[in-house]
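A structural walkthrough
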Amino acid sequence: MTKEIKAPCSRLEEILRAGHFAVTAELNPPDSADPEDVYRAARVLAEICDGINAVDASGANCHISSVAMCALLTRAGYEPVYQVTCRDRNRIAIQGDMLGAAAMGVLNVLCLTGDDVTAGDQPEAKRVFDFDSIQLLRTARMMRDEGVFLSGRKITTPPCFFLGAAANPFAPPHDWRPQRLAKKIAAGAQFIQTQYCFDIPRLKEYMKRVTDLGLDKQAFILAGVGPLKSAGAAEFMRSKVPGVVIPDNIVDRLKKTPKERQQEEGKKICIELIQEIREIDGVAGIHIMAYRQEELVADIVKQARLLPRPIK
Amino acid sequence: MFRWLQHFPHFLELLYDLFEVSLQPLKKWFKPGGSTEPFVIAVEKLGKGTVFNCQMCGQCILHSTGMTCPMNCPKHLRNGPCGGVRQNGHCEVKPEMKCVWVEAYSRSLKMPKYGHQFASLQPPMNNQLQGSSSWINMFYDIDTKLPAGWANTRDIPVNFIKEGQDD
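In this text the structure is predicted, and so the values were computed from the model without any measurement.

**What to know about the overall build of chain B**
The secondary structure content of chain B amounts to five helices and zero strands. Ordering the α and β elements of chain B from the N terminus gives α-α-α-α-α. For chain B, whose C-alpha radius of gyration is 16 Å, the value lies close to the compact-globule estimate of 15 Å for 167 residues. Seen along its three principal axes, the alpha-carbon backbone of chain B occupies a region of about 50 × 45 × 30 Å. Expressed as a percentage of its 167 residues, the buried residues of chain B come to 37%. Long-range contacts, defined as pairs at least 24 residues apart, comprise 66% of the intrachain contacts of chain B with a sequence gap of at least 6.

**As for the interface of chain B and chain A**
Counting residues at the interface gives 38 residues for chain B and 41 residues for chain A. Looking at the side of chain B that touches chain A, the elements with two or more residues in it are helix H3 (100-108) and helix H5 (148-151) of chain B.

**Focus: the nonpolar core**
Counting 101 residues, the largest nonpolar core has Leu45, Ile52, Tyr82, Val109, Cys111 and Val225 of chain A as the members making the most contacts within it. Ignoring sequence-local partners within four residues, the contact set of Val225 of chain A consists of Tyr196, Cys197, Cys270, Leu273, Ile274, Ile277, Ile286 and Ile288 of chain A. Within the second largest apolar cluster, 27 residues are counted, among which are Ala171 and Trp176 of chain A together with Cys82 and Val102 of chain B.

**Side note on the sheet that holds strand E5 (residues 162-167) of chain A**
All names here are of chain A. Pairing in this closed barrel of eight strands is parallel, and the strands run E1-E2-E3-E4-E5-E6-E7-E8 around the ring. Taken over all neighbouring pairs, the strand axes of this sheet differ in orientation by 30° on average, direction set aside. Where strand E6 (residues 191-196) lies against strand E7 (residues 220-225), four bridges are found, and the strand directions are parallel. Directly across from Gln193, in E7, lies its bridge partner Leu222. Docked against the sheet, helix H3 (residues 66-75) engages strand E2 (51-54) and strand E3 (80-85), running at close to 170° with respect to E3. Sitting on the sheet, helix H10 (residues 262-278) touches E7 and strand E8 (283-288), and the angle it makes with E7 is about 160°.

**Things to note about unusual backbone geometry**
With an omega of -5°, the peptide bond running from Pro172 of chain A to Pro173 of chain A counts as cis. Inspection of the secondary structure puts Pro173 of chain A in the loop between E5 and helix H6 (177-187). Residues Leu307 of chain A and Pro308 of chain A are joined by a peptide bond in cis, for which omega reads -5°. You can see Pro308 of chain A is positioned in the segment after helix H11 (294-303). Located in the positive-phi region is Ala60 of chain A, a residue other than glycine, with phi close to 60°. Of note, Ala60 of chain A is situated in the loop between E2 and H3. For His76 of chain B, which is not glycine, the phi dihedral falls at a positive 55°. Among the structural elements, His76 of chain B can be located in the loop between helix H2 (37-52) and H3.

**Focus on the pairing of E2 of chain A**
Residue and element names in this part refer to chain A. Here E2 shows a buried face lined by Gly51 and Asn53 and a second buried face lined by Ile52 and Ala54. Handedness of the crossover joining strand E1 (residues 22-27) and E2 through helix H2 (residues 35-48): right-handed. Relative to E3, E2 is paired through three bridges, and the arrangement is parallel. Looking across to E3, one finds that Ile52 is bridged to Pro80. The parallel pair E2 and E3 is bridged by H3, and the resulting crossover is right-handed.

Parameters at a glance
Residues numbered from 1 in each chain as written. Chains lettered and ligands numbered in written order. Predicted model: local features only at pLDDT ≥ 70, side-chain atom pairs only at ≥ 80, totals over all residues. Helix = DSSP H or I, 4+ residues; strand = E, 2+ residues; numbered from the N terminus. Rg over C-alpha atoms; globule rule 2.2 N^0.38 Å. Buried ≥ 20, exposed ≤ 12 C-beta atoms within 10 Å, placed from the backbone. Contact = placed C-beta atoms within 7 Å. Core = buried A, V, L, I, M, F, W, Y, C linked by C-beta atoms within 7 Å. Pairing = 2+ DSSP bridges. Axes fitted to C-alpha atoms, helices over the stretch in contact; angles between N-to-C directions. Right-handed = clockwise from strand over helix to strand, strands pointing away.

Keep in mind these numbers describe shape, not what the thing actually does.
So, in structure tokens, the structure goes:
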């Protein structure tokens, strides 16, 4: 991370480079053509985080597109993280959208493979996956650093992206996950947002290997967290949501709590997790994922003593 | 029928080397668009289909992926497993199927010659080659031709650990 910061620089990048513990949060796109629905959520999140992730058709369900949401957010002065998945668009569409997003002031891009179409409510759809996440990352970096499209054709004004990728420390083959992270960094990832981290011992093990490889010095790693609404929701997430691991002790803790207090307990667990994660060597921040519960996210950030945020 | 052969990746990598050498004298019959092409395609389809469930992408990277065809991954990933792999090592999309990449990883650990290539960065696919013969494409360097932008981009140096333990 010795590379000089190009102007304009994303606020998220500045905060991370300054050594602050960063906070990003997910904004799940509304099913609405009213921009106010995006702004209502953004207003809450902007107060408590350094970057708002504009999710690309979360869980392979159709919502307002992430590029459009980013355009709305930049227009109002917010700091979005543009999530791009490979599921729905081929390389021509993706490169065009990335350039368009850059023209609208988007500076952070998160490159993802994306959930499969079968995870959503339109499983009959055609899956694209023309790129995988690593090819997507390297293409985005190529557009920025070399100023060309994949074909080699020149881009008059190249985008200034701060590039991100996802990591799942908890999915098999566990041994290879740190090397997969290395591969993503080699392709161009400058920041990493991980899958939900509930299994702290395993996260520590993963981070130990990541720091041994020196990868935390080459990219900023933001650990993913999120509140569990109830014991039922925890069971659903660990059995139905791809790649999410929730240890028994957390589910048991929720089960032992009376139903009406489970949401409060889930929030408490989330705050405790954030505090534990903060102590882990190599973690540069957290990424909070809570489906359409912006107020709850704000509460968590406040109670985890992550306020005030460095730059506003 | 011959899928069990995939459990012997080291044997397959030796066979791969042997096969590559033994194909050389046949080069004059292996021409893109030549009259023998349909025959070559049929043989490749039969041979690699039986053992690897080959999908005829025309740009074979079997030796870099633990002699496991990555095109059997429902997301057609070429650079390793996605984050959706289940805890039992099965596929996110097809729960009854073992993740192609979990198989590929453990097999590549048993391949002294090409195992390390598991870490290499695979370029975007050339979709024009779907259905063509990767043998012919290999002879004429058709499969290694990269988009100009991709080819001219430098990689960021990162420390890779080549060895790993079996998962």
